[in-house]
Amino acid sequence: MSMHTSRYPGYDVLRKRDTPSWDEPTRKVIKERLATPSDPRFLDAVQWRALEALCACIVPQPIDRPRVPLAGMIDMRLHANAGDGFRYARLPPLREAWRIGLAALDEESKGRHELPFASIEPAAQNALLKHMQHGELASGAWQGMDPQLFFTHRVLPDICGAYYSHPLAWNDIGFGGPANPRGYVRMYYDRRDPWEAVEAKPGKERQALKENRRVR
Amino acid sequence: MTNNRMRWAGIACILAGVAATAAVMERPQQRRLCKRARQVHIETSRAFNRSSALLAGSVLADSAMEHYRGSFSNPVMYVPPLVATFSILAGLHGGADRHAQTHTVRHAIYWGAALTGLAGTGFHVYNVMKRPGGWNWNNLFYAAPMGAPTALLLSGALGAAAERLRNQPARAPRLLGMPAGRALGLLSGIGLAGTAAEAWLLHFRGSFQHKAMYAPVSIPPAASALLLHAALTSPQPRWLARVMLRMTWLVGWLGLAFHVRGVARHHGGWRNWSQNLFNGPPVPAPPSFAAMALAGLAALRLREREPR
Amino acid sequence: MSGDPQHEPRGKNGRAPDVLRVGGWMPMREYPQNEAVDFAIVGTGAGGGTLACRLAEKGFKVIAFDAGAWWRPLEEFASDESHQKKLFWTDERLCDGEDPIKLGNNNSGKAVGGSMVHFAMVSLRFRPEWFKSRSILGYGADWPIDWREMWRYYRIVENALKISGPVTYPWGPKRGRYPYRAHELNAAAMVLARGAEEMGIAWSPTPLSTLSAPRGLAHPCAYRGFCVSGCSTNAKQSTLNVWIPRAVKAGAEIRDLAMVGRVAVNEAGLCTGVDYFREGRWQFQRAKHVVVAGYAIETPRLLLLSANGRFPEGLANSSGLVGKNFMVQSNQAVWGLMDEEIRAYKGPPSLAITEHWNYADKGKDFFGGYAYMSQGPLPVVWTLTQTKRGLWGEALLKEMQHYNHQVGLKMVGETLPQERNCITLADEKDAYGLPIARVTHAYCDNDRRLIEHALDFMGKALDAGGAKDIWRETDDTCHLNGSARMGSDPRTSVVNADGRSWDIPNLWICDGSVFPTVGGVNPSLTIQAIACRTADRIGVLAARGEL
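Rules used throughout
- Residues numbered from 1 in each chain as written.
- Chains lettered and ligands numbered in written order.
- Predicted model: local features only at pLDDT ≥ 70, side-chain atom pairs only at ≥ 80, totals over all residues.
- Heavy atoms only, no water.
- UniProt positions renumbered as here; feature names shortened; annotations may be inferred.
- Helix = DSSP H or I, 4+ residues; strand = E, 2+ residues; numbered from the N terminus.
- Buried < 20%, exposed > 50% of the residue type's maximum accessible area, 1.4 Å probe, protein only.
- Contact = heavy atoms within 4.5 Å.
- Areas by Shrake-Rupley, 256 points an atom, 1.4 Å probe, with all protein chains shown as cover.
- Lys, Arg positive; Asp, Glu negative; His and termini not counted.
- Charge placed at Lys NZ, Arg CZ, Asp CG, Glu CD.
- Buried area = accessible area lost by both parts, 1.4 Å probe.
- Salt bridge = Lys/Arg side-chain N within 4 Å of Asp/Glu carboxyl O.
- Polar contact = N/O pair within 3.5 Å; in protein donor to acceptor, adjacent residues only side chain to side chain.
- Nonpolar A, V, L, I, M, F, W, Y, C, P; charged D, E, K, R; others polar.
- Pairing = 2+ DSSP bridges.
- Axes fitted to C-alpha atoms, helices over the stretch in contact; angles between N-to-C directions.
- Phe/Tyr/Trp six-rings, centres within 6.5 Å; stacked < 30°, edge-to-face > 60°.
- Lys NZ or Arg CZ within 6 Å of the ring centre and 35° of its normal.
- Left-handed = near helix turned anticlockwise from the far one by under 90°.
- Core = buried A, V, L, I, M, F, W, Y, C linked by side-chain atoms within 4.5 Å.
- Patch = residues over 30% accessible without salt bridge, like charges linked within 9 Å, V, L, I, M, F, W, Y side chains within 5 Å.
- Disulfide = S-S within 2.5 Å.

As recorded in an unreviewed UniProt entry, chain C goes by the name GMC family oxidoreductase, listed as coming from Dyella monticola. Recorded in UniProt for chain C, the comment headed Sequence similarities (unreviewed entry) runs: "Belongs to the GMC oxidoreductase family."

### As for the overall build of chain C
Broken down by element type, chain C carries 12 helices and 22 strands. Here chain C holds 547 residues, and 70% of them are scored as buried. Long-range contacts, defined here as pairs at least 24 residues apart, represent 73% of the contacts in chain C between residues at least 6 apart. Carbon and sulfur atoms form 49% of the exposed surface of chain C, whose accessible area is close to 16,500 Å². Separation of charge centres in chain C, based on 63 positive and 60 negative side chains, amounts to 6 Å.

### A word on helix 3 (residues 70-80) of chain A
Residues and elements named next belong to chain A. A large share of helix 3 lies buried, amounting to eight of its 11 residues. Of all the positions in helix 3, only Leu 70, Ala 71, Gly 72, Met 73, Ile 74, Asp 75, Arg 77 and Leu 78 are classed as buried. At its buried positions, helix 3 is contacted by helix 1 (24-34), helix 2 (45-58), helix 4 (94-113) and helix 6 (147-163). After helix 3 finishes, the residue Asn 81 shows a positive phi value of roughly 50°.

### Quick word on the interface of chain A and chain C
Each partner contributes to the interface: chain A provides 63 residues, whereas chain C provides 64 residues. When chain A packs against chain C, close to 5,100 Å² is buried across both sides, 56% of that on carbon and sulfur atoms. For the chain A face of the interface with chain C, the top three residues by lost area are Tyr 164, Met 187 and Tyr 189 of chain A, together amounting to 17%. The interface formed by chain A and chain C holds six salt bridges in total. For the salt bridge of Arg 33 of chain A with Asp 80 of chain C, the shortest nitrogen-to-oxygen distance reads 2.5 Å. Where chain A meets chain C, there are 32 residue pairs in polar contact (both at pLDDT 80 or more). Of all the secondary-structure elements, those providing two or more residues to the side of chain A that touches chain C are helix 1, helix 2, strand 1 (87-88), helix 5 (122-133), helix 6 and helix 7 (167-173) of chain A. Per element, the largest residue contribution to the side of chain A that touches chain C is seven residues, and it comes from helix 6 of chain A. When grouped by side-chain class, the residues that make up the side of chain A that touches chain C number 31 nonpolar, 17 polar and 15 charged. Both strand 1 of chain A and strand 5 (residues 94-96) of chain C contribute to a ladder of two bridges, which runs parallel. Paired with Tyr 88 of chain A across the bridge in strand 5 of chain C is Cys 95 of chain C.

### Some points on the interface of chain A and chain B
The interface of chain A with chain B comprises 15 residues on the first partner and 19 residues on the second. Summing both sides of the interface, chain A and chain B together bury roughly 1,500 Å²; the carbon and sulfur share of this comes to 45%. At the surface where chain A touches chain B, the tally comes to zero salt bridges. The interface formed by chain A and chain B includes eight residue pairs in polar contact (both at pLDDT 80 or more). Along the lines of polarity and charge, the residues of the side of chain A that touches chain B split into seven nonpolar, two polar and six charged.

### Focus on the UniProt feature "domain: Glucose-methanol-choline oxidoreductase C-terminal" (unreviewed entry) in chain C
UniProt records the feature "domain: Glucose-methanol-choline oxidoreductase C-terminal" (unreviewed entry) for residues 417-531 of chain C in the present numbering. Taken end to end, residues 417-531 of chain C has its terminal C-alpha atoms 22 Å apart, with 24% of it in helix and 24% in strand.

### Digging into the sheet that holds strand 1 of chain A
What the four strands build is an open sheet, ordered 1(A)-5(C)-19(C)-18(C); its pairing is mixed. Whereas interior strands pair on both sides, the edge strands pair on one side only; in this sheet they are strand 1 of chain A together with strand 18 (422-429) of chain C. Note that strand 18 of chain C and strand 19 (residues 435-440) of chain C share five bridges and pair antiparallel. When the bridges of strand 19 of chain C are listed, Cys 422 of chain C appears paired with Thr 440 of chain C. Running over the sheet, helix 7 (residues 295-305) of chain C touches strand 18 and strand 19 of chain C and is turned about 65° from strand 18 of chain C.

### Structural notes on the packing of aromatic side chains
Summed over all chains, the structure comprises 44 aromatic pairs over all chains. For the pair Phe 175 of chain A and Tyr 403 of chain C, a centre-to-centre distance of 6.1 Å together with 80° between the ring planes defines the contact as edge-to-face. Separated into two different chains, Phe 175 of chain A in the loop between helix 7 and helix 8 (205-212) and Tyr 403 of chain C in the loop between helix 10 (393-400) and strand 17 (406-413) make up a pair that spans both. For Phe 175 of chain A, a relative accessible area of 2% puts it in the buried group. Ring geometry for Tyr 188 of chain A and Tyr 189 of chain A: centres 5.4 Å apart, planes at 85°, overall edge-to-face. According to the relative accessible area criterion, Tyr 188 of chain A is buried, its value standing at 14%. Members of the aromatic cluster, each reached through a chain of ring pairs, are Trp 170, Phe 175 and Tyr 184 of chain A together with Phe 226, Tyr 345 and Tyr 403 of chain C. Directly above the ring of Tyr 68 of chain B sits Arg 186 of chain A, whose terminal nitrogen or CZ lies 5.1 Å from the centroid. Note that Arg 186 of chain A overlies the ring of Phe 278 of chain B, its terminal NZ or CZ placed 5.6 Å from the centroid.

### Some points on the UniProt feature "domain: Glucose-methanol-choline oxidoreductase N-terminal" (unreviewed entry) in chain C
Here, UniProt's "domain: Glucose-methanol-choline oxidoreductase N-terminal" (unreviewed entry) annotation points to residues 109-328 of chain C. Along residues 109-328 of chain C the backbone is 25% helical and 17% strand, and the end-to-end C-alpha distance reaches 15 Å.

### Here we look at the packing of helix 4 (residues 79-95) of chain B against helix 5 (residues 104-130) of chain B
Residues and elements named next belong to chain B. Contact geometry of helix 4 with helix 5 gives a least axis separation of 9 Å together with a crossing angle of 145°. For helix 4 against helix 5, the interelement crossing comes out left-handed. Facing Val 79, Pro 80, Val 83, Phe 86, Ser 87, Ala 90, Gly 91, His 93 and Gly 94 of helix 4, the residues of helix 5 in contact are Arg 106, Ile 109, Tyr 110, Gly 112, Ala 113 and Thr 116. Of the residues that constitute the contact of helix 4 with helix 5, the class distribution is eight nonpolar, six polar and one charged.

### Some details on the nonpolar core
Counting residues in each nonpolar core, the largest one holds 251 residues, and the members touching the most others are Ile 58 and Trp 98 of chain A. The residues contacting Trp 98 of chain A, other than those within four sequence positions of it, are Leu 51, Leu 54, Ile 74, Leu 78, Phe 150, Arg 154, Val 155, Asp 158 and Ile 159 of chain A. In this structure, Leu 54, Leu 184, Ile 219 and Val 251 of chain B belong to the second largest nonpolar core, which totals 36 residues.

### Brief notes about a nonpolar patch on the surface
On the surface, Leu 82, Phe 86, Leu 89 and Leu 92 of chain B cluster together into a nonpolar patch covering about 380 Å² of accessible area. Tracing the backbone shows Leu 92 of chain B in helix 4.

### Quick look at unusual backbone geometry
At the junction of Asn 180 of chain A and Pro 181 of chain A, the peptide bond is cis and its omega measures out at 5° in the coordinates. Inspection of the secondary structure puts Pro 181 of chain A in the loop between helix 7 and helix 8. In this structure, Phe 208 of chain B takes a positive phi of about 45° despite not being glycine. Judged by relative accessible area, Phe 208 of chain B falls into the buried class, the value being 14%. The backbone phi angle of Lys 162 of chain C is positive, close to 50°, even though this residue is not glycine.

### Observations regarding the state of the cysteines
Residues and elements named next belong to chain C. A complete count under the given rule lists zero disulfides over all chains for this structure. No disulfide involves Cys 510; its nearest neighbouring cysteine sulfur is the one of Cys 532, lying 8.8 Å away. Relative accessible area serves as the criterion here: at 1%, Cys 510 is assigned to the buried category.

### What about the pattern of salt bridges?
Going through the model one piece at a time under the given rule, you end up with 66 salt bridges over all chains. A salt bridge links Asp 361 of chain C to Arg 127 of chain C, with the shortest nitrogen-to-oxygen separation between them at 2.9 Å. Here the residue Asp 361 of chain C occupies a position in the loop between helix 8 (356-359) and strand 16 (370-374), and Arg 127 of chain C occupies one in the loop between strand 5 and helix 3 (133-137), the gap between them amounting to 234 residues. By relative accessible area, Asp 361 of chain C is classed as partly exposed at 42%. Connected through shared salt-bridge partners, Arg 7, Glu 196, Glu 199 and Lys 201 of chain A together with Glu 341, Arg 343 and Lys 346 of chain C make up one network.

### Some words on the environment of Pro 73 of chain C
Residues and elements named next belong to chain C. Mapped onto the fold, Pro 73 is located in helix 2 (residues 73-76). In this structure Pro 73 comes out as buried when scored by relative accessible area, which is 2%. Sequence spacing of Pro 73 and Ser 330 is 257 residues, and the spatial spacing of their C-alpha atoms is 30 Å. Contact partners of Pro 73, with chain neighbours within four places excluded, come to Val 19, Cys 231, Ser 232, Asn 234 and Leu 240.

Okay, structure coming up:
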């Protein structure tokens, strides 16, 4: 869990929902995203547990705000079978890659700790993922899929890409969020429009908090 | 200042500008009174006071908006709207004042406005030069506008001229060592040309996408040329100059209407005013033509009556 | 609004969506299937859409097909990176080779208007010498077209799209003023400018296909920053809102959601029409001429898919070069942090550019050139860039906190044509039952030296611009070109200068696939210029009775 305090305290991009920064199609899309179910439609219970644990490692979310339903977003995508428009010839298709990968993650974990991935200590989880990242896993459970490639071309882009498509994550990084019809006026260094997040400069956190609560 | 307050301050400034504009509109009844009193130069002074006020109104609204856009990043950015407000008040006061005598406070305010305009030009030049590319088209388009502080300088100059004229004798008044009509004709002619130059720069930035955008870069320069001609040649009735100056006056007010429509023409229209007032055409800018036309007409009237 | 444009065709019943008006329609001519139209064009992007317009305006009967939807930008484009994936070609393709490329979001569109619906609007001309790079510069292949002729067409396209560009352009032969003025620079662009000035090279506001002032019903740019997710203001001037409406007005028919699966050829070796899938069934449209304009993957794929007894190796392939010499552009970048807030998400992503290394030949240990531009990645693209350097967990979150201070320079670099870089058919099938494309790609040593030079120079320029903690993004590509090159010799090219196939006289190609070389600039302006030229040439040939 992250204890990192936000650089944009009090900023909530959703407060702009009813301003000229948001249009109707965007409101609809974001509403659907916010309503992502937190139980699986595509994955089975075992895969789901592994995925949830994996997401928590890849994106350790701040504890002082609601969580982005990452596993649910991945599951929705698998349910829709929404591919990228290409895949490396050495990787199987989207759904198959995730099925194999999640099962193999549990197998690797059991091989080392006799427990599935979701049940081992966070430190052990991270260690296992580092092995995957560096190409140091080789159990037969991978069914010929390259674990390193799965990590760099499925796990990281899919999970992190889903995370930063969520308004809660936009708040953390001070992104202006949706912008139609109202775009932006002030383009110069160190300039912000009144409808953009205020960055907390050291010692001025309270002021930033106050101003961010008024950002519309 | 916080966002919201800044926003309201901007709106208040615009409203003040509009109100000031309405207040300085010439009333023909008063003109007749003046004429009867054969106080042509006082009439001219008052017209210049009013013109200065109208120009200052444009500067007030424009500088308040643009400096709000610039987030008042430098505290001196509060000065021009403040000075312009004083300039408006001085102009309103002078416009109603028939005394044949310089008013010291007004005169001081006008000098303050002129000096502020001069200093502002310096700040704006610095702003352009410090950007990458320095003195290039893009910086002239988008960095601090060169023409804006000059308008404040001009407002001060028109007012100061009005005050000095009041101290002159009713018969053959002189300014800057020449007949007053000539001096004022030159001042307003050059000012008008400068205003047209700024409109050209900004309409060039807008690629003259609408045919009406050619109006302020053709009619006012013609009026300016005719006025300068009238000032420099021997005094006689100049009907064409008068017609062109009246058309310039019209260009100013029609321009305002076009710019209001131009804001609506941007994405999201007036509903998206918090963006489009700033990215759209500057609403307060065109009335400065009306102001310069008022000064030009007054100067022309004086010039036409001067001895050959 | 009417139905789901991804499931129900809109170009039907004698009308087409008027994308410039909310809920608007415009009348559209329709042609019967059993009567041969003059031209059946496959694809409505920079090549096909432009050609459809110019041919229709010359009075030809034209139908253009697109596999994608006919979107209404004012009503259906959300301000959202993920949702707007609907504009991309997301049907599966396989990528392999030593340096497999990524497709989908940054180089492949599936919509009426093609990739121009999500392109970054960068509208650059080729350097004149590139049209003779073999003879003058000693690499690649010569184009069969003279640069002066191309520059005339560039002008036409720039006027058609009202490109916003600088009053004077610092590189190459003198060109006229751009139709619209350049946009204001954002802070990210100013960092590029500062860096260039420190390094002693020229820079310029980028010529962009987005309006800096109103034009007709189209609004000027609102600096939303979602350009590569689709422009919902219509400020972006693209095939979708410029060429296609003009085409429809001139009598062309556009068939959306119509996937062409085969070009039919008769016993005499001439095209007779196209098989296309629309509204749940395969249909056939007769045509006197067929133009393939599917971009550098789908074009060779369709030619290969159309193989038959007469042309067992695929259509127009007597040279064996269909699918070969496929070229991307290297799209590596350097990134760093500024003390100031940059907020690069505001405004079009690439507001400043330097083409210095496209025009300078000294001090290079490689052939070809590159431009580099300022950048404005939105959060999803930015996190994907970060994950490419292996960041995850706390390290990733910490890095992402710097989002509003990050700044970068990204290249568009020339790669050399190589026959081993190719498009072939895979065994796997798509939803239409057609074999999917396999895209094989590897850089050559020259490409690598060019990239190294660019990364080194951009790193110094970013440092000089005031950035710190600079790092390199070493693997990205953009744009798809080559794969059916034009030339003056039937043995070494697929089509002639007019885009006409050497083998089948009524088969044409009009898109980025005809490029013999790619140069170091974004290709869309050149593709449109070629389309305008092809249309003019067709007009001339028709008048001479040589069609």
